[in-house]
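# Descriptive analysis of the structure
Okay, here's what each chain looks like letter by letter:
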Amino acid sequence: MASVCLKDIVKVYGSDIAVRGINLDIPDRSFAVFVGPSGCGKSTTLRMIAGLENISHGELQVDGEVVNDLPSRDRGVAMVFQSYALYPHMTVRQNLEFSLKLEKLDHSEIERRIDEAVTVLELHPFLDRKPSQLSGGQRQRVAMGRAIVREPRVFLFDEPLSNLDAKLRNQMRVEIKRLQRRLQVTTIYVTHDQIEAMTLADFIVVMRGGNIEQTGTPIDIFEAPANLFVAGFIGSPRMNLLAGTAVEIDGQLCFSNDDFTVPLPSERFADVLSAGQEITVGFRPEDIVPEQHGIEPTRSVSVTGAVEFSEMLGNETLLFFNINQTEIISRMHQPRIVESGETLNFLFNVDRIHVFDTQSGNSVLSDQVTVG
Amino acid sequence: MSNTMDGIDFAAIVDKERASKQRNWLALTAAVIISAVWVVPFYYLAISIFKTTEEYSLNHPLSLPSGLAPVVENAVTAWTHAKMGAGLWNSALYGFLGAGIAVFIAALAAYGLSRIDFKRKNLWFMLIFSGTIFPLQMYLIPLFFFYQKVGILNTHFGMVLFYSAICIPFPVLVLRNYMNGIPRDMDEAARMDGASEFTIFRRIVLPNCWGPITATFLLQFTWIWNDLLFSTVLANRAEVRSIMNALQVFQGSYSSTGPNVVLTAAVIASAPSIMMFMLLRKHFMEGMRVSGS
Amino acid sequence: MTSNGQNPSDQEILDRIGWSQIRANERKLQRKNFWVAFAFMLPAILLVSSLLLAPVAFNVYLSFTKWAKFKGIDQFAGIANYVRLGTNPFFADALYNTSIWVVASIVFPLAIGLALAVFLRGVPFENLFKNIIFIPRILAPTAVGVLWFYVYAPDGVVNRFLGFVTGGDVDIGWLYQENTVTPAIIATFVWQSVGLVMVLILLGLSAIPRDPIEAARIDGASSGQVFRHIVLPLLLPTLLVVTILSVLAGFTVFDLLWVMGASYPGQRTLSLAVFMYFEAFQKGSWAFGSAIAVIIGIVVFSVTWIQAVLQHRVDRMMR
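The shown structure was predicted, so the numbers you read here are calculated from the model rather than taken from an experiment.

### Let's talk about the packing of aromatic side chains
Residue and element names in this part refer to chain B. Summed over the entire model, instances satisfying the criterion amount to 53 aromatic pairs over all chains. Taking the centre distance of 5.5 Å and the plane angle of 15° together, the rings of phenylalanine 125 and phenylalanine 129 count as stacked. Here phenylalanine 125 and its partner phenylalanine 129 are both found in helix H5 (residues 121-129), four residues apart, which amounts to about one turn of the helix. Since its relative accessible area comes to 6%, phenylalanine 125 is described here as buried. A relative accessible area of 16% places phenylalanine 129 in the buried class. Here phenylalanine 221 and tryptophan 225 contribute two aromatic rings whose centre-to-centre distance is 6.0 Å and whose plane-to-plane angle is 20°, an arrangement assigned as stacked.

Take a look at the structure:
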């Protein structure tokens with residue numbers, strides 16, 4: 001159990017800067033998830049923490065101890081690889097024993113640790129099988145077992161669920177969360193799937209292009225995305241974004257895009273916006289609902305739109321329509337079949353609007369602007 | 001058109017079938033005749049070893065032997081005069097040690113070339129592989145001179161040393177290519193588990209290479225077993241001669257004893273490699289396939 | 001909750017962290033990697049360079065000296081040895097015979113191997129025949145040479161068979177006469193090696209997709225046309241590999257010639273390889289022998305080089 005601290009971590013490959021100086025404090029026993037598109041540097045950062053990549057610049061601390069120059073085995077970290085990386089020629093038991101034998105632990109201790117891991121992960125029936133005789137989910141549990149028996153200070157997961165089918169993925173997600181709760185070990189988890197991030201994390205680190213875009217709890221990031229990228233990345237289906245200008249109409253600050261106008265709640269935005277500023281508004285699909293077909297918002301603005309097409313998901317229907325050539329998605333809670341071309345009246349929830357400065361991409365409400 | 005039903009002409013089909021069957025029989029006969037070219041010499045070999053020298057010289061070479069007993073006497077004569085015991089022992093020694101050492105050293109080198117990142121890999125690979133691109137004749141004189149000077153001419157050590165060296169390049173090629181195909185994440189997992197590079201080699205990568213290792217070992221063993229040239233030059237003395245060397249010397253000096261004896265010697269000399277081939281046929285085939293790549 | 005402010009440029013970051021120092025450190029790590037890899041390669045490098053590469057270099061050097069049985073190894077002779085080769089009649093004969101070997105080892109195994117491969121496809125008991133033809137391959141050339149030495153004997157199988165066929169007494173001294181010795185030994189060589197050629201060609205044939213062939217048949221092409229226009233071109237890469245293997249094998253044949261040519265008085269002219277052995281190890285003309293070895297080396301290299309070029313062309317053609 002240990003905290004992990006990254007101070008100005010930079011990774012340079014030849015002429016390419018993959019990680020551009022990130023700072024991060026991961027508290028002890030927490031479940032931190034690095035999420036972002038491919039190439040954002042999340043895996044590289046994880047590998048630097050693991051000791052598989054050299055840290056070009058900066059300080060990495062585990063439990064207060066600087067570990068930059070320590071080899072992997074001495075850092076107290078254990079990793080679960082995306083492809084499990086099991087030793088194909090060894091049985092499950094031998095896979096689990098391997099690192100312990102290298103550490104020259106005595107037999108009883110090895111037995112104890114393996115027993116514990118095997119019980120937690122329900123691997124008893126597989127101990128004498130080879131990886132090729134196991135299913136994907138079973139192999140993944142062995143990979144986790146291999147990490148657990150090392151009794152590390154930090155668990156590292158590198159996209160462990162990407163090789164599983166959807167159903168298994170959901171199952172394993174729950175198991176991983178349960179495991180971490182039980183073992184109370186600091187965990188750093190890398191994924192490109194924002195649903196995994198949202199469901200697993202105690203706090204999320206959103207990365208892009210080698211930088212940290214935002215860190216925070218899942219709710220924080222969902223409710224208050226710090227910039228356009230995070231707003232569009234987190235949440236499925238994605239947040240609707242509409243670019244326009246801030247205008248003053250009758251003393252009320254409003255957002256305007258051609259003929260579409262929405263008043264912006266003064267208590268939040270009056271002090272931070274100026275008329276004429278280029279802004280982009282964001283609103284989630286559940287915040288623009290058809291009249292009488294969803295939860296009626298307190299403060300709303302009416303928008304009429306012709307539905308281009310709809311997706312019936314069983315518990316809800318997604319409606320795709322346009323506001324001035326920008327595609328907007330709306331979530332209808334009472335599912336019914338909507339014909340293409342059907343015109344509906346949508347209620348736009350003014351209180352749940354997000355406003356971003358179009359040029360910088362940042363939320364106009366972010367009061368801390370620090371390089372992360 | 002007779003016997004038609006729904007427009008299908010059965011008679012014609014039957015005729016065609018019969019014609020193709022006839023063709024098959026024709027082809028079979030031809031194949032038998034052709035393969036006779038291969039079978040006859042073996043037949044000749046098989047019956048000759050059962051004849052006494054007299055029998056052989058008096059009768060037609062393809063005539064059947066009168067009994068099976070003479071083969072024992074032939075074998076004993078061949079064994080003692082050609083010193084087959086020493087020859088077989090030497091070749092077995094050279095084969096197992098030479099091929100074994102070579103393949104192990106090749107695996108080490110292949111590991112370095114495939115699993116570790118460093119500059120100018122190909123240069124180093126070519127350095128090792130170039131050992132095999134020169135014709136054998138270019139090694140002979142300098143090796144002879146060098147062996148003589150250092151005093152390892154006509155020694156077991158000298159021969160094992162040479163065979164080990166010459167059997168390295170090809171397995172390096174095969175094993176390097178094979179190791180390149182093994183996923184790297186195992187290495188990383190092992191490294192995180194605390195394994196040193198050599199431990200990763202010994203316990204992780206090597207155990208996953210048995211296929212190509214066996215195949216190349218067999219190929220190199222066979223090459224060593226069949227070698228005549230280097231044994232003649234570097235280890236011609238009777239005690240250290242390879243089996244093929246012994247056979248050739250026997251044939252050169254005793255060809256008047258009778259072909260039946262010399263042929264028996266040839267059979268004795270070839271028996272081990274034939275047995276090995278029979279038992280390990282699929283590994284041999286794997287070796288051929290792997291060498292073609 | 002933190003968020004990102006301005007994004008510094010690449011150069012700013014590099015400057016800030018002191019990139020030149022970083023790069024030096026990374027290079028040190030790369031060097032460490034290299035030494036670890038070197039340790040793994042060391043045994044191989046040691047053995048190969050001392051026992052294989054150094055001798056080759058020394059051989060080339062020797063060919064320019066006067067080293068012979070009692071004469072000094074350090075006496076430089078320039079290209080005298082090579083000049084001597086030019087005027088040596090045995091060398092000319094050996095070269096001639098070697099060329100015959102090269103041509104024969106391309107043509108015969110290929111033609112016969114191809115014919116057998118095509119012919120045996122689909123014949124009943126196909127595998128049995130294939131195995132029979134392949135078996136000589138697992139024998140040592142020495143043993144094969146011994147066997148055929150007696151097969152070619154004056155009262156051996158070949159002569160008896162010919163006598164049976166012609167109805168008379170055939171007494172050809174196959175391995176004693178100049179005009180028959182090389183063809184006879186070539187026949188043995190083909191006998192031994194055609195099995196492998198056939199197997200390789202069969203492998204190549206089985207890799208040819210069926211569709212083009214069936215399409216051609218539907219279009220009305222005869223078997224011969226299908227073979228010539230579709231099968232043969234697609235077989236080209238395999239044929240090339242086979243050719244190269246055969247050429248190199250044919251060029252450096254020694255065992256067969258040594259064993260079967262023992263009773264031929266002009267044995268030393270049977271090939272360059274045998275000639276070299278004679279000069280070096282029987283006559284003790286070490287430097288001269290080295291020169292012959294160098295010639296062999298040059299020719300083998302040329303062949304390998306031509307092969308690499310042809311392989312390249314064929315590969316590009318296949319794409």
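So much for the structure itself; the text now carries on.
### Regarding the sheet that holds strand E19 (residues 343-349) of chain A
Residues and elements named next belong to chain A. Pairing within the open sheet is antiparallel, and its five strands lie in the order E15-E19-E16-E17-E18. Here the strands that pair on one side only, and so sit at the sheet edges, are strand E15 (288-290) and strand E18 (326-332). Averaged over all neighbouring strand pairs, the angle between strand axes comes to 45°, with direction disregarded.

### Topic: the interface of chain B and chain C
Each partner contributes residues to the interface: chain B has 80 residues there, and chain C has 76 residues. Between chain B and chain C we count zero salt bridges in total. At the junction of chain B with chain C, the criterion picks out five residue pairs in polar contact (both at pLDDT 80 or more). In terms of residue count, the dominant contributor to the side of chain B that touches chain C is helix H1 (residues 10-48) of chain B (16 residues).

### A closer look at the interface of chain B and chain A
With 15 residues of chain B at the contact, the number on the chain A side is 21 residues. For the pair chain B and chain A, the two sides together bury roughly 1,600 Å², of which 63% comes from carbon and sulfur. Considering only the surface of chain B that becomes buried against chain A, B:Glu188, B:Met192 and B:Asp193 emerge as the three largest contributors, covering 42% of it. Between the two partners, chain B and chain A, sit two salt bridges. A salt bridge links B:Glu188 to A:Arg47; its shortest N-O distance comes to 2.6 Å. Scanning the region where chain B abuts chain A turns up seven residue pairs in polar contact (both at pLDDT 80 or more).

### A short note on helix H2 (residues 92-102) of chain A
For H2(A), every residue scored as buried is listed here: A:Val92, A:Asn95, A:Leu96, A:Glu97, A:Phe98, A:Ser99 and A:Leu100. Elements in contact with the buried residues of H2(A): helix H3 (107-121) and helix H4 (136-148) of chain A together with helix H9 (185-192) and helix H10 (197-205) of chain B. A:Lys104, located one to two residues past H2(A), shows a positive phi value of around 60°.

### Some points on the side chain of B:Thr232
Within the fold, B:Thr232 resides in helix H12 (residues 229-234). For B:Thr232, a relative accessible area of 7% corresponds to the buried category. Those residues in contact with B:Thr232, other than ones at most four positions away along the chain, are B:Asn245 and C:Tyr277.

### Points about the nonpolar core
Core analysis: the largest hydrophobic core is formed by 222 residues, its most contacted members being B:Ile168 and B:Leu234. Apart from the residues within four sequence positions on either side, B:Ile168 is in contact with B:Ala102, B:Ile105, B:Ala106, B:Ile128, C:Ala44, C:Leu47 and C:Val48. In terms of nonpolar packing, the next biggest core, distinct from the first, is built from 45 residues, A:Ile110, A:Ile148, A:Leu179 and A:Ala201 among them.

### Comments concerning the packing of helix H4 (residues 89-120) of chain C against helix H10 (residues 223-251) of chain C
Residues and elements named next belong to chain C. Where H4 meets H10, the closest approach of the two axes is 9 Å, and the angle between their N-to-C directions is 140°. With respect to each other, H4 and H10 are oriented oblique. Considering how the two elements wind past one another, H4 and H10 form a crossing that is right-handed. Mapping the contact onto sequence places Thr98, Trp101, Val102, Ser105, Ile106, Pro109, Leu110, Leu114 and Val118 in H4 and Phe227, Leu232, Leu235, Leu239, Val242, Thr243, Ser246, Val247, Gly250 and Phe251 in H10. Taken together, the residues of the contact of H4 with H10 break down into 14 nonpolar, five polar and no charged.

### Concerning the sheet that holds strand E5 (residues 65-66) of chain A
All names here are of chain A. Taken in spatial order, the four strands line up as E2-E1-E4-E5 in an open sheet, and their pairing is antiparallel. The sheet is open, and its two borders are formed by strand E2 (16-26) and E5, each paired with just one other strand. Both strand E4 (residues 57-62) and E5 contribute to a ladder of two bridges, which runs antiparallel. The residue of E5 that forms the bridge with valine 62 is glutamate 65. Helix-sheet contacts for helix H1 (residues 42-50) involve strand E1 (4-13), E2 and E4, and the interaxial angle to E1 is about 115°.

### As for the domain arrangement of chain C
When its domains are assigned, chain C resolves into domain 1 (10-62) and domain 2 (80-318). When each unit is reduced to the centre of its C-alpha atoms, the spacing between domain 1 of chain C and domain 2 of chain C is 43 Å.

### Re unusual backbone geometry
Residue A:Pro237 follows A:Ser236 across a cis peptide bond; omega there is 0°. Summarising the element assignment, A:Pro237 is placed in the loop between helix H8 (228-233) and strand E11 (240-249).

### Section: the packing of helix H4 (residues 84-115) of chain B against H10(B)
Residues and elements named next belong to chain B. Two elements in contact, H4 and H10, have axes whose closest approach is 11 Å; the angle formed by their N-to-C orientations is 110°. Relative to H10, the element H4 is oriented roughly perpendicular. Seen from above, H4 lies across H10 with right-handed handedness. Taken together, the residues of H10 that come into contact with H4 (itself represented by Phe104, Ala107, Leu108, Tyr111 and Arg115) are Glu197, Phe198, Ile200, Phe201 and Val205. Considered class by class, the residues forming the contact of H4 with H10 number eight nonpolar, no polar and two charged.

### Focus: the domain arrangement of chain A
Residue and element names in this part refer to chain A. Segmentation of chain A into domains returns domain 1 (4-232) and domain 2 (234-368). The distance between the C-alpha centroids of domain 1 and domain 2 comes to 37 Å. Counting residues at the interface gives 14 residues for domain 1, matched by 15 residues for domain 2. For the domain 1 face of the interface with domain 2, the top three residues by lost area are Gln194, Phe222 and Leu228, together amounting to 42%. Summed over the shared surface of domain 1 and domain 2, the number is one salt bridge. Its salt-bridge partner being arginine 352, residue glutamate 223 comes within 3.4 Å of it at the nearest N-O pair. On inspection of domain 1 and its partner domain 2, the count reaches seven residue pairs in polar contact (both at pLDDT 80 or more). Mapped by element, the contributors of at least two residues to the side of domain 1 that touches domain 2 are helix H6 (194-200), helix H7 (218-223) and H8. At four residues, the largest contribution of residues to the side of domain 1 that touches domain 2 is made by H8. Looking at the side of domain 1 that touches domain 2, its residues break down into 10 nonpolar, three polar and one charged.

### Considering the environment of C:Trp174
As for its position among the elements, C:Trp174 is in the loop between helix H7 (157-166) and helix H8 (178-206). Taking the C-alpha atoms as reference, C:Trp174 lies 19 Å from C:Pro141; in sequence the two are 33 residues apart.

### Regarding a positive patch on the surface
Taken together, the side chains of B:Lys119, B:Arg120, C:Arg23, C:Arg27, C:Lys28 and C:Arg31 present a region of like positive charge at the surface. Within the secondary structure layout, C:Arg31 lies in helix H2 (residues 19-62).

### A short note on the side chain of B:Ser270
Within the secondary structure layout, B:Ser270 lies in helix H14 (residues 259-279). Residue B:Ser270 is classed as buried on the basis of its relative accessible area, which comes to 4%. Apart from residues lying up to four places away in sequence, B:Ser270 is in contact with C:Leu139 and C:Ala143.

Calculation notes
- Residues numbered from 1 in each chain as written.
- Chains lettered and ligands numbered in written order.
- Predicted model: local features only at pLDDT ≥ 70, side-chain atom pairs only at ≥ 80, totals over all residues.
- Heavy atoms only, no water.
- Phe/Tyr/Trp six-rings, centres within 6.5 Å; stacked < 30°, edge-to-face > 60°.
- Helix = DSSP H or I, 4+ residues; strand = E, 2+ residues; numbered from the N terminus.
- Buried < 20%, exposed > 50% of the residue type's maximum accessible area, 1.4 Å probe, protein only.
- Pairing = 2+ DSSP bridges.
- Axes fitted to C-alpha atoms, helices over the stretch in contact; angles between N-to-C directions.
- Contact = heavy atoms within 4.5 Å.
- Salt bridge = Lys/Arg side-chain N within 4 Å of Asp/Glu carboxyl O.
- Polar contact = N/O pair within 3.5 Å; in protein donor to acceptor, adjacent residues only side chain to side chain.
- Buried area = accessible area lost by both parts, 1.4 Å probe.
- Core = buried A, V, L, I, M, F, W, Y, C linked by side-chain atoms within 4.5 Å.
- Parallel < 35°, antiparallel > 145°, perpendicular 65-115°, else oblique.
- Left-handed = near helix turned anticlockwise from the far one by under 90°.
- Nonpolar A, V, L, I, M, F, W, Y, C, P; charged D, E, K, R; others polar.
- Domains from an automatic or database assignment.
- Patch = residues over 30% accessible without salt bridge, like charges linked within 9 Å, V, L, I, M, F, W, Y side chains within 5 Å.
- Areas by Shrake-Rupley, 256 points an atom, 1.4 Å probe, with all protein chains shown as cover.
- Lys, Arg positive; Asp, Glu negative; His and termini not counted.
- Charge placed at Lys NZ, Arg CZ, Asp CG, Glu CD.

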